[in-house]
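Listed here are the chains, written in short residue letters.
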Amino acid sequence: MLEGKRILLIIGGGIAAFKSLDLIRRLREQGASVTPVLTRAAEEFVTPLSTSALAATKVYRDLFDLTDEAEMGHIELSRAADLVVVAPATADLMGKMANGLANDLASTILMATDKRVLIAPAMNVRMWLHPANQRNLATLEKDGVLRVGPDEGDMACGEYGPGRMAEPMAIVEAVGDALRDGPLSGRHVLVTSGPTHEPIDPVRYIANRSSGAQGTAIARALAALGADVTFVTGPADVPPPGGVTVVRVKTAQEMLDAVNAALPADAAVFAAAVADWRVVSASGSKIKKDGTGKLPKLEFAENPDILATVSAMQNGRPALVVGFAAETDDVKANAAAKLKRKGCDWILANDVSPATGIMGGSENAVTLITAKGAEDWPRMSKDQVANRLAAAIAGALAT
Ligand code: C5P
């Protein structure tokens with residue numbers, strides 16, 4: 001089931017670490033190779049020797065081991081795997097992951113990896129339920145970290161409740177699920193997201209209120225279905241998802257250049273709120289008040305329409321081009337007209353009048369407009385909109 005798959009297994013310092021030795025055996029029985037990494041605390045529970053013997057390979061132990069760093073550094077380790085598994089994921093490791101701390105080999109690998117991460121938490125029930133841990137868990141889920149367990153039951157510390165590490169076979173199953181090829185595997189999908197910033201001078205710019213939340217959720221949902229995602233993002237409020245190729249831009253022109261550089265793609269989703277205009281010849285130095293009361297005059301030029309440009313491509317146009325239409329009135333009629341005008345295949349239309357609370361909020365109510373007509377989706381979270389769109393894209397590319 002896991003033939004040829006490479007698992008980087010980070011073992012945290014908890015009593016459940018003894019089960020991770022069995023996990024190594026079970027993963028290898030399924031055909032996977034396992035490279036173990038022990039935290040210092042883990043070495044209090046299992047020995048490097050037994051871990052190494054079961055994995056039949058070298059065990060990586062400490063960030064500042066110069067020999068290890070010379071042989072295979074933490075960056076390479078984090079990349080030379082198909083999946084990173086953290087078992088047991090202690091409260092400490094989860095806290096580090098959620099907050100971006102990187103002060104030992106395990107946490108540095110977790111920050112440096114471009115692969116999906118599966119955690120198998122294990123800790124005392126009070127620690128598991130502690131608001132700090134629950135906050136960290138919510139952050140990790142938002143970051144796209146996968147999880148198996150914890151189970152509920154008697155704990156080594158004598159208490160009862162959720163906190164036991166999932167059994168090794170359940171973890172093996174979760175590893176299989178994480179590595180299963182999704183319906184979009186082998187497909188390249190381009191996503192634009194966030195606002196653009198159009199400079200006035202080196203310190204001032206014109207922007208809009210897009211948070212990048214919907215585009216980020218779409219990129220994450222596409223990656224979760226196995227797509228190879230290029231995520232071209234303006235300066236957004238929300239961080240980009242894990243497991244995608246991130247290209248950061250500021251202006252509309254830079255976004256168009258990045259999109260052209262990322263093509264070809266099987267599908268493209270243009271979720272960015274691109275500024276319609278830029279300031280002609282932005283000043284190279286800060287515009288100053290000169291005391292005379294004379295006001296600066298800004299002259300505008302139209303920005304390239306990225307969606308329309310890609311939709312009109314004669315060569316190398318993605319098979320499916322999806323745009324957004326944020327409208328405040330006559331949503332469907334305006335969006336249908338936009339579909340024609342821009343030449344894209346689908347438009348996701350939404351009502352962004354202030355009363356809806358959609359702009360900058362966590363929910364969205366959209367209508368999918370295609371050549372076949374309009375399909376109203378019920379109001380749902382931006383994550384759910386993203387999942388539904390990703391599934392629809394997978395369906396369309398499969399036919
Ligand atoms: O024209 P409007 O901004 O309403 O169009 C929205 C759609 O067009 C969005 O999908 C947006 O990402 C895309 N767009 C673009 N480049 C622009 C303006 C809009 O790609 N310059």
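Moving on, we come to helix α13 (residues 331-342). The end-to-end C-alpha distance of α13 is 16 Å, a good match for the 16 Å that 12 residues give at a rise of 1.5 Å each. Turning to α13, its buried residues are Val331, Ala335, Lys338, Leu339 and Lys342. Within α13, the buried residues cover an arc of 105 degrees as seen down the axis, which keeps them to one side. Relative to its buried face, α13 has exposed residues pointing more than 90 degrees away, namely Lys340 and Arg341. Contact partners of the buried residues in α13: α12 (306-311), β16 (320-327), β17 (346-351) and β19 (366-370). Where α13 terminates, the next one or two residues include Gly343, which has phi positive at roughly 75 degrees.

On domain assignment, one finds that the protein holds domain 1 (6-180) and domain 2 (188-398). With centres defined by C-alpha atoms, the gap from domain 1 to domain 2 works out at 37 Å. Contacts between domain 1 and domain 2 engage 5 residues on the former and 4 residues on the latter. Carbon and sulfur atoms make up 41% of the area that domain 1 and domain 2 hide from each other, which totals about 320 Å². At the boundary of domain 1 with domain 2, the tally comes to 0 salt bridges. Counting across the domain 1 and domain 2 interface gives 1 residue pair in polar contact (both at pLDDT 80 or more). Residues of the side of domain 1 that touches domain 2, tallied by class, amount to no nonpolar, 1 polar and 4 charged.

Among the 5 residues in β19, 5 count as buried, and that is most of the element. In β19, alternate side chains face the same way, and those of Val366, Leu368 and Thr370 on one face and Thr367 and Ile369 on the other are all buried. Taken together, the 4 bridges between β17 and β19 define a ladder with antiparallel strand orientation. Within β19, the residue paired with Ile347 across the bridge is Ile369. Sheet analysis places β19 next to strand β20 (residues 373-376), joined by 4 bridges and oriented antiparallel. Across the sheet, residue Leu368 finds its bridge partner in β20, namely Glu375. Adjacent in sequence and paired antiparallel, β19 and β20 are bridged by 2 residues.

Look at helix α8 (residues 131-142): 16 Å from first C-alpha to last across 12 residues, which is about the 16 Å you get at 1.5 Å a residue. Along α8, the positions that sit buried rather than exposed are Asn133, Asn136, Leu137 and Leu140. One side of α8 holds all its buried residues, which, seen down the axis, span an arc of 105 degrees. For α8, the exposed residues set more than 90 degrees away from the buried face come down to Pro131, Arg135 and Lys142. One or two steps after α8, the chain reaches Gly144, where phi turns positive at roughly 85 degrees.

Further remarks concern the sheet that holds strand β4 (residues 117-121). Spatially, the 5 strands line up as an open sheet ordered β2-β1-β3-β4-β5, and their pairing is parallel. Each edge of the open sheet carries a strand with a single partner, namely β2 (33-38) and β5 (146-147). Looking at chain direction, strand β1 (residues 6-11) and strand β3 (residues 83-89) are connected through 4 bridges and run parallel. Among the inter-strand pairings, Leu9 is bridged to a residue of β3, identified as Val85.

Here the focus is the site of the ligand. As a matter of local geometry, the ligand sits amid Phe270, Ala272, Val274, Pro304, Asp305, Ile306, Leu307, Gly323, Phe324, Lys338 and Lys342. In the model, an oxygen atom of the ligand is placed 2.6 Å from a nitrogen or oxygen of the Ala272 main chain. In isolation the ligand has 440 Å² of accessible area, and contact with the protein removes 85% of it. Elements with a minimum of two residues in the shell around the ligand: α12, β16 and α13. Residue classes in the shell around the ligand are distributed as 7 nonpolar, 1 polar and 3 charged.

Right, let's get into the packing of helix α5 (residues 91-99) against α8. Where α5 contacts α8, the axes come no closer than 9 Å and their chain directions differ by 50 degrees. Viewed along their axes, α5 and α8 adopt a mutual orientation that is oblique. Taken as a pair, α5 and α8 cross one another with a handedness that is left-handed. Here α5 contributes Ala91, Met94, Gly95, Met97, Ala98 and Asn99 to the contact with α8, which in turn contributes Asn133, Asn136, Leu137, Thr139 and Leu140.

Time to look at the environment of Val244. By secondary structure assignment, the location of Val244 is in the loop between β11 (228-233) and β12 (245-248). Taking C-alpha positions, Val244 is 6.8 Å from Ala223, a pair spaced 21 residues apart along the chain. Excluding residues that lie within four positions of it along the chain, Val244 makes contacts with Ala219, Ala223, Val229 and Phe231.

Procedures and definitions
- Residues numbered from 1 in each chain as written.
- Predicted model: local features only at pLDDT ≥ 70, side-chain atom pairs only at ≥ 80, totals over all residues.
- Heavy atoms only, no water.
- Helix = DSSP H or I, 4+ residues; strand = E, 2+ residues; numbered from the N terminus.
- Expected span 1.5 Å × (residues − 1).
- Buried < 20%, exposed > 50% of the residue type's maximum accessible area, 1.4 Å probe, protein only.
- Arc of directions from axis to C-beta.
- Contact = heavy atoms within 4.5 Å.
- Domains from an automatic or database assignment.
- Buried area = accessible area lost by both parts, 1.4 Å probe.
- Salt bridge = Lys/Arg side-chain N within 4 Å of Asp/Glu carboxyl O.
- Polar contact = N/O pair within 3.5 Å; in protein donor to acceptor, adjacent residues only side chain to side chain.
- Nonpolar A, V, L, I, M, F, W, Y, C, P; charged D, E, K, R; others polar.
- Pairing = 2+ DSSP bridges.
- Near = heavy atom within 4 Å.
- Areas by Shrake-Rupley, 256 points an atom, 1.4 Å probe, with all protein chains shown as cover.
- Axes fitted to C-alpha atoms, helices over the stretch in contact; angles between N-to-C directions.
- Parallel < 35°, antiparallel > 145°, perpendicular 65-115°, else oblique.
- Left-handed = near helix turned anticlockwise from the far one by under 90°.

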